[in-house]
Structure formats: structure tokens, C-alpha cells
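The primary structure of each chain is shown beneath.
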Amino acid sequence: MTEYTTDIRLMGSAFQFIVNAETKEAGHGLIQECIEEVRRIEKLLTEFDDNSETSLINKHAGIHPVQVSTETYLLIQRCIQISKLTDGVFDITTGILKKLYNFRNEAFELPSESKIQDCLQITGYKKIKLLTDNRVYLERKGMHIGFGAIGKGYAAHRAMKLMQQKGVSGGVINASGDLCVWGTKHDGSHWNAGIANPDCPEEILLWLQLNGLSIATSGNYEQYFELNGVRYSHNINPVNGCPVTGIKSVSVISPHAELSDALATAVTVMGLSQGLHLINQLPHTHCIIIDDLNRIHFSNNIERARFFKKTA
């Protein structure tokens, strides 16, 4: 048994696939199946293909419902459930608010309050209507949905499930920091996932062992802007339309990458106190938060023994 690895760009992000297999041919074949599964999901969910189901929903916002596949319908349904769970701070309609800001840390102007208010009129998960026969309707013209805060986690989970169904004993699906891990390495040792230093992402602050779990991290060190010495994250608060501050990174650990992905965004928007309170209420779910003073905070029930400092 040997580990086979491939790095590739999918869904606009860096993906890495690692699987245990008996032969090189088998390993590369399994990885190719993972790639095709992610490409299938990307085609389904992308906003950049006029014929995708997401684009069709957006195109007909405020006009008429659009019938979609059961897969897309159920994903939207779960997104709405997470929105309710997080009191609306996770919201797949907020992409139009994000477009008001320049998160490339280049010259920019803050949007006017009137522009923010105009966008808030056409955002909000409560304006997404799920109807019979897998029909989805956005109530207001100009509305649109996007899966940037959950899509990679969903794709990683689907690729992992595909490998498990094929009897692969262990592997890692890394969707640009959203990781699914199952089984062990070919030698029986554990897979390790790292929590990066937000000020130096190449440096690992903490390592943890994962088996059958997922981890997703939302950080302010890739897409952001700075104003008067304050760094603003690319995550938008759907309530006031403003980018969030105060947290450098949030890593959420749970059994499902889709949930970890969504909750990492939600906790970032909620802030330290409310975010920890939410995670502490959820079974089998943990988080690590690094605030803007570089203090590390753990949710209550996390098994700290699973974490250890990086060693040489």
C-alpha cells in the first residue's frame, strides 16, 4: 500500500488529493475520479457558467421559480438551515454585498451607506423560497445566490464519500484549506492537519490529528483591505452589510466538511464571544479562534490533547 498525491486547481482554488492504493495505476485512477466529481459539482454550482443551475436561479430572480436537481435543491435547503442556526450570519445571498468592496488590499473607496442599504434590500436568506418539484425562487430582482462559503467543503465531502464507497482505506481531500480526512496513512500513522499562523501562513502554529473528521479555516490574510490600521476581512455581516474585524482566523472541526466550511464563516462574522457560544452548543463540533491580538481561543469541549506544537 502506497500514498498517491495530486495537486490541481479546481473551483478557482488549490485542491490536493491523497489516497492509499495498491498500485500507481489504481492510485492515479482513484484521484482522477475525485477530480471528475469535483468538476461535476463545480459545473452544477458555479456562478460563472450561464447554464449552471445557480446562474439560472439568479437570472430569473424576481421573475419566476427555476426547477433544479435534487442535489442543488437539498444543498440550498441545508444552507437555509445553517442560516437559521446562525441567526442569519451565514447567508448565501450576500455575494452582492461583497462586490461593494475591494478585498485585494489595493486602492479603494468605501461604498456609500445608500449603496449598502440598496444591496441589503435584495439580500437575505428569508427571500429564498423553496417550492414543490425542486423549484427555487428568489423574491427580488437583482438577487443572487453563491456557494463560495460552502461549495468547496461540499465538494471535498463528496469526493471523500466516493473514495470510501470504493473501499479506499485512507486519504485526504484538501480543498484549499477545507480538509476531509479518513482512515490512516499507509503505514498506520495518523494524518496531521495544521493551523496556520495568520501573520505568516507558511508557519504552522498547531498540529492536530484527524480521523473521520473535517476542518475548515476562514482567515483574513488572503482577501482583505486595511483602513486606518484596521484589517477588514472579506467576510460580510449580512445584517449591516459591512466587512468584519477582530478575528484573524477561525478553524472549525466537525464530522462534515460542508458544515465546517459554513460555520467557519459564521463564527468569523459572529465574533469571539457569540461564535464560541454557538460552537459550544453543537455536538461533535469544535473550533479554534485566533483574534486580532494573536490570542488563541478553544471551544469548551475540544480535546486539547489532540493538539501539539510543531516539532522539528
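Remember, predicted model here, so these are calculated numbers, not experimental data.

Caption draft 1: Main features of the sheet that holds strand β4 (residues 128-131). Strand order in the open sheet made by the three strands is β3-β5-β4, with antiparallel pairing throughout. The open sheet has two edge strands, β3 (66-67) and β4, and neither has a second partner. Examined bridge by bridge, β4 and strand β5 (residues 135-138) share four bridges and lie antiparallel to one another. Paired with leucine 131 across the strands is arginine 135, a residue of β5.

Caption draft 2: Quick look at the nonpolar core. Ranked by internal contacts, the top residues of the largest apolar core, which has 73 residues, are Phe17, Ile76, Phe147 and Ile173. If sequence neighbours within four positions are ignored, phenylalanine 147 has contacts with Leu45, Glu47, Thr54, Leu75, Ile76, Cys79 and Ile92. Counting 17 residues, the second largest nonpolar core, distinct from the first, contains Ala193, Leu210, Phe298 and Ile302.

Caption draft 3: Broad picture of the pattern of salt bridges. A full pass over the atoms with the stated rule returns nine salt bridges. The partner of glutamate 37 in a salt bridge is arginine 158, and the shortest N-O contact between them spans 3.7 Å. Residue glutamate 37 is found in helix α1 (residues 24-45), and its partner arginine 158 is found in helix α6 (residues 151-165); the two are separated by 121 residues along the sequence. Arginine 158 sits in the partly exposed class, given a relative accessible area of 28%. A salt bridge links aspartate 291 to arginine 295, with the shortest nitrogen-to-oxygen separation between them at 2.7 Å. A residue is classified by how much of its surface remains accessible, and aspartate 291, at 3% relative accessible area, is buried. Looking at arginine 295, the relative accessible area reads 45%, which means it is partly exposed.

How each quantity is defined
Residues numbered from 1 in each chain as written. Predicted model: local features only at pLDDT ≥ 70, side-chain atom pairs only at ≥ 80, totals over all residues. Heavy atoms only, no water. Pairing = 2+ DSSP bridges. Helix = DSSP H or I, 4+ residues; strand = E, 2+ residues; numbered from the N terminus. Core = buried A, V, L, I, M, F, W, Y, C linked by side-chain atoms within 4.5 Å. Buried < 20%, exposed > 50% of the residue type's maximum accessible area, 1.4 Å probe, protein only. Contact = heavy atoms within 4.5 Å. Salt bridge = Lys/Arg side-chain N within 4 Å of Asp/Glu carboxyl O.

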